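# Chain and residue survey
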Amino acid sequence: AELTHLNVTMNVAVSAQTAGRRGLRLGQTIALRLQAATVRLRIVALFGSAVALPANYLVTQDTLDKGGVKPLDSVRFVTKSPGADASAGRAAVG
């Protein structure tokens, strides 16, 4: 699975370490408790740990909105369309 599958609201990517520790697998639906609500999310990708990515779960902003999480972006991931100009994409997101 790829992180590009994360672009759908109510999907989640889970760190491989967290998935292993909790017995989670691709395609499974989990309940994730956020600030104002518990949301049910389908696991669409597993990712390795990295210093640049200090997270166990990755979701879309729409999913965070549904869970009542106020936007406080510290890291933003952008996926460009095939054939899109990377320089133009960087300029568009600031």
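In this report, the structure presented in the accompanying data block is examined. (Residues numbered from 1 in each chain as written. Predicted model: local features only at pLDDT ≥ 70, side-chain atom pairs only at ≥ 80, totals over all residues. Heavy atoms only, no water.)

A few words now on the overall build of the protein chain. Scanning the protein chain for helices and strands turns up three helices and four strands. The order of helices and strands in the protein chain, counted from the N terminus, is β-α-β-β-β-α-α. Evaluated residue by residue, the protein chain yields a buried proportion of 26% over its 94 residues. Long-range contacts, defined as pairs at least 24 residues apart, comprise 63% of the intrachain contacts of the protein chain with a sequence gap of at least 6. (Helix = DSSP H or I, 4+ residues; strand = E, 2+ residues; numbered from the N terminus. Buried < 20%, exposed > 50% of the residue type's maximum accessible area, 1.4 Å probe, protein only. Contact = heavy atoms within 4.5 Å.)

Our next topic: the sheet that holds strand S3 (residues 38-47). Overall, mixed pairing links the four strands, which are arranged S2-S3-S1-S4 in an open sheet. Each having just a single partner strand, strand S2 (29-33) and strand S4 (57-58) make up the two edges of the open sheet. (Pairing = 2+ DSSP bridges.)

Turning our attention to the pairing of S2. By the alternation rule, side chains of S2 split into Ile30 and Leu32, which are all buried, and Thr29, Ala31 and Arg33, of which none is buried. Pairing of S2 with S3 involves five bridges; the strand directions are antiparallel. Directly across from Thr29, in S3, lies its bridge partner Arg42. What sits between S2 and S3 in their antiparallel hairpin is a turn of four residues.

Taken across its five residues, strand S1 (residues 11-15) has five buried, putting it largely inside the fold. Both faces of S1 are covered, namely the face carrying Asn11, Ala13 and Ser15 and the face carrying Val12 and Val14. Relative to S3, S1 runs parallel, the two sharing five bridges. Across the sheet, Ala13 pairs through a bridge with Ala45, a residue of S3. Here S1 pairs with S4 via two bridges, running antiparallel. Within S4, the residue paired with Val14 across the bridge is Tyr57.

Its place among the elements puts Thr18 in helix H1 (residues 16-22). In this structure the side chain of Thr18 is engaged in a polar contact, spanning 3.2 Å, whose partner is the side chain of Asn56. The contact partners of Thr18, leaving out residues within four places of it in the chain, are Asn56 and Tyr57. (Polar contact = N/O pair within 3.5 Å; in protein donor to acceptor, adjacent residues only side chain to side chain.)

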